[in-house]
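Chain and residue survey
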Amino acid sequence: MATIPSMMQAIKVVGSGNDSKLITEQCPVPQPGPEQLLIKVAAAGVNRADLMQRRGLYPPPDGESDILGLEVAGVVIAAGAQHKSWLGKAVFGLVPGGGYAEYALLHAGHAMAVPAGYTMAEAAATAEVFLTAYQLLSSIGNLQPAQHVLIHAGASGVGTAAVQLAKAIGSKVAVTASSEDKLELCHKLGADILINYQAAAFEQELARFWPAGVDLILDPVAGDYISREIPLLKMDGKIVLYAMMAGREVPHFDLVPLFKRRGQIICSTLRNRTNHYKTRLTQAFYQTYGQPLAQRQIQPVLQQQFHWQEAEQAHRLMASNCTKGKLVLTF
C-alpha cells in the first residue's frame, strides 16, 4: 500500500452566509476508527447541502468533519481491524462530512464497490442522490407498482435518481421542472407526465392528467407548494419534504383538506441519521439495485466535472439552478 502522509489538502469555508469563501488549506489526514475506512479521494459529489452548510444553515453532526462534502469515491488505503478486506478496493458512499479533501473517512457499513466500467466521477455522483431517492420512495413513501408519484425538481440529482427508481418499481411518474430541456431529460429517464412549472400551475396540470390524484409527492421546495399539493393527494397519500428551497414557513395553511384525505406530511433528512440506519439503507439499496446499477439500467446523470480547486465555480453553477443531474469534483 502507498505511504499515507500526515497532512493533506482540503477545501475549507471561510466565513458564513452569502459572503463565505472557499480556500485550500493544509490539515491532518484523519485516522480511521475501528468501523471506518480511510479513502484516498478520487472524486466527491457536489450537493445543495454544501451550499446550505456554507450559509451556516446545515451544520455537520456533532463530532464529524466540518469540511464540506457528503459523498466520495476513491480507493481504500487504511481500515479498521475488522474491515481489512476493503484495502485496495475502489469504493463509493456517503460521508457525514469531509468529502472535499484528498483523504476522507467512510464508515465501513456505508461503503459500496464501484461497479465495473464506472468512472470515479460517476461513482461519486451516485450515493447521495440514489440513497436519498430510495429512502424517500421506498423506506418512507412505500411506493408500489402502478401507484402515482409526483417528483418536483425532476432534473435535479435526487429527481433524476427518483424518476429511475420509481420506473423500476413500476410506478407512474409525473415531474416538474423549469425548462423544456430539463423535462426532455426526465422524459428520457422514463417520466410519464412532464410539467413546466414556469408555464403553468403544476397542480392544475396534474389534475388534468391524473384527476384521481397521486399516492406520493416528493417535495424539496416546501413553502406554498404544500397547500397546493394537498388537494392532489389520493386517500392516505403522502407528501415527503426533503428540503425547503421556497422557505420554512407555509402561508395560509388549512389542515382540513389533509384530514379529508387522511394525508401525511413527512419531513426527512439523511445526513443526521445514525450509522446503523445508513448501513441498513445502503445494504437494502445495494441488494435491490446493485445489479441494475452495474448494468446501467439505472445510473447517475453526470452533468459536469470540476477539478477540486474549482469548487467555487461548481457552487456558482449549482446555485444558478441551471443544472441537470450531478456536479462532481475530481482529485
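It should be noted that the structure appears before, not after, this text.
Residues numbered from 1 in each chain as written. Predicted model: local features only at pLDDT ≥ 70, side-chain atom pairs only at ≥ 80, totals over all residues. Heavy atoms only, no water.

1. Considerations on unusual backbone geometry
Here is the rule we go by: A helix here means a DSSP run of H or I that spans at least four residues, while a strand means a run of E at least two residues long, and both kinds are numbered starting from the N terminus. Think of it in three bands: with a 1.4 Å probe and only protein chains considered, a residue is buried below 20% of the maximum accessible area for its type, exposed above 50%, and partly exposed in between.
A positive phi is found at A146, a non-glycine position, where the angle reads about 75 degrees. Within the secondary structure, A146 sits in the loop between α3 (127-140) and β8 (148-151). When its relative accessible area of 54% is taken as the criterion, A146 is described as exposed.

2. Digging into α3
Here is the rule we go by: Values of bend correspond, residue by residue, to the angle between axes fitted over the seven residues ending at that residue and the seven starting there.
In the structure, α3 departs most strongly from a straight axis at Y134, where the bend amounts to approximately 25 degrees. Most of α3 is tucked away, with 12 of its 14 residues classed as buried. Downstream of α3 by one or two residues, N142 has phi in the positive range, about 50 degrees.

3. Re the environment of T269
Let me state the cut-off plainly: Polar contacts here mean pairs of N or O atoms no more than 3.5 Å apart (in protein, one a potential hydrogen donor and the other a potential acceptor; neighbouring residues in sequence count only if both atoms are side-chain atoms).
In this structure, T269 sits in the loop between β13 (264-267) and α9 (275-294). When the C-alpha atoms of T269 and Q135 are compared, they prove to be 9.4 Å apart, with 134 residues separating the residues in sequence. At 2.6 Å, the side chain of T269 forms a polar contact with the side chain of N272.

4. Digging into helix α6 (residues 202-209)
Let me state the cut-off plainly: Read the arc as the range of directions from the helix axis to the C-beta atoms. Contacts are assigned to residue pairs that have any heavy atoms within 4.5 Å of one another.
Of all the positions in α6, only F202, E203 and L206 are classed as buried. Buried residues along α6 cover an arc of 95 degrees about the axis, so they all sit on one side. Opposite the buried face of α6, by more than 90 degrees, sit the exposed residues Q204 and R208. Where α6 is buried, its residues touch β8, β9 (172-177), β10 (193-196), β11 (214-219) and α7 (225-229).

5. Remarks on the packing of α3 against helix α4 (residues 157-169)
Between two packed helices, the angle of one axis relative to the other and the distance separating the axes together describe the packing. Using the following cut-off: Axis definition: a line fitted to C-alpha atoms, over the contacting stretch in the case of helices. Angles run 0 to 180 degrees between N-to-C directions. An angle below 35 degrees is treated as roughly parallel, one above 145 as roughly antiparallel, one from 65 to 115 as roughly perpendicular, and anything else as oblique. Crossing handedness is read from the near helix: turned anticlockwise from the far helix by less than a right angle, it gives a left-handed crossing, and turned clockwise, a right-handed one. Gly is placed with the polar residues, together with every amino acid not listed as nonpolar (Ala, Val, Leu, Ile, Met, Phe, Trp, Tyr, Cys and Pro) or charged (Asp, Glu, Lys and Arg).
Contact pair α3 / α4: the axes reach a minimum separation of 8 Å and the direction vectors enclose 50 degrees. Comparing their axes, α4 and α3 come out oblique. As for how α3 packs across α4, the hand of that crossing is right-handed. Across the interface between the two elements, V129, F130, T132, A133, Y134, L136, L137 and S138 of α3 pack against G157, V158, A161, A162, Q164, L165, A166 and I169 of α4. Its residues assigned to classes, the contact of α3 with α4 comprises 12 nonpolar, 4 polar and no charged.

6. Looking at the side chain of D50
Spelled out, the test is: Lys and Arg are tallied as positive, Asp and Glu as negative. Neither His nor the chain termini are counted. Should a side-chain nitrogen of Lys or Arg be within 4 Å of a carboxyl oxygen of Asp or Glu, the pair is scored as a salt bridge.
Inspection of the secondary structure assignment puts D50 in helix α1 (residues 48-54). An unpaired buried charge is present at D50: no salt bridge exists, and R271, the closest side chain of opposite charge, is 6.4 Å distant. The residues touching D50, leaving out its near neighbours within four places in the chain, are G45, L68, G69, L70, Y100 and H315.

7. Focus: a nonpolar patch on the surface
This is how the line gets drawn: A residue counts toward a patch only above 30% relative accessible area and without a salt bridge, and it is joined to like-charged neighbours within 9 Å or, for Val, Leu, Ile, Met, Phe, Trp and Tyr, to nonpolar neighbours within 5 Å. Per-residue and other accessible areas were derived by the Shrake-Rupley procedure at a 1.4 Å probe size, with only the shown protein chains allowed to occlude residues.
On the surface, a cluster of nonpolar side chains totalling about 390 Å² of accessible area is made up of F253, L255, F259 and I265. For I265, the location among the structural elements is in strand β13. For I265, a relative accessible area of 31% gives the class partly exposed.

8. Remarks on the nonpolar core
The cut-off we apply is this: Put simply, a nonpolar core is a bunch of buried Ala, Val, Leu, Ile, Met, Phe, Trp, Tyr and Cys residues held in one set by side-chain atoms that sit within 4.5 Å of each other.
One finds L137, V149, L165 and L218 to be the most contacted residues of the largest nonpolar core, which totals 51 residues. Ranked by residue count, the leading element in this core is α3, at 9 residues. Residue contacts for V149: discarding those within four places in its chain leaves L137, L143, A166, K172, V173, A174, W210, L216 and L218. Residues M8, W86, L106 and F306 belong to the second largest nonpolar core, which totals 37 residues.

9. Considerations on the packing of aromatic side chains
How we decide: A pair of aromatic rings is counted whenever rings of Phe, Tyr or Trp (Trp by its six-membered ring) have centres within 6.5 Å, and the orientation is called stacked for planes under 30 degrees apart, edge-to-face for over 60 and tilted otherwise. The rule is short: NZ of Lys or CZ of Arg within 6 Å of the ring centre and within 35 degrees of the ring normal puts a charge over the ring.
For the structure shown, the criterion picks out 6 aromatic pairs. A ring pair is formed by Y134 and F285, whose centres lie 5.8 Å apart and whose planes are at 65 degrees; its orientation type is edge-to-face. Remark: F285 occurs in helix α9 and Y134 occurs in helix α3; sequence separation between them is 151 residues. You can call F285 buried: its relative accessible area is 1%. On the basis of an interplanar angle of 45 degrees and a centroid distance of 4.7 Å, the ring pair of F202 and Y225 is categorised as tilted. Placement of F202 in helix α6 and of Y225 in helix α7 is noted, with a sequence separation of 23 residues between them. Sitting above the plane of the Y58 ring, R271 keeps its charged end 5.2 Å from the centroid.

10. Some details on the pairing of β8
Operational definition: DSSP bridges decide pairing: two strands pair if at least two such bridges lie between them. The crossover handedness rule: strands pointing away from the viewer, path from first strand over the helix to second strand clockwise, crossover right-handed.
Neither face of β8 is open: one carries H148 and L150, the other V149 and I151, and all of them are buried. Strand direction decides the pairing type here: β8 and β9, joined by 4 bridges, are parallel. Across the sheet, the residue bridging to V149 is V173, located in β9. Once you follow β8 into α4 and on to β9, the crossover reads as right-handed.

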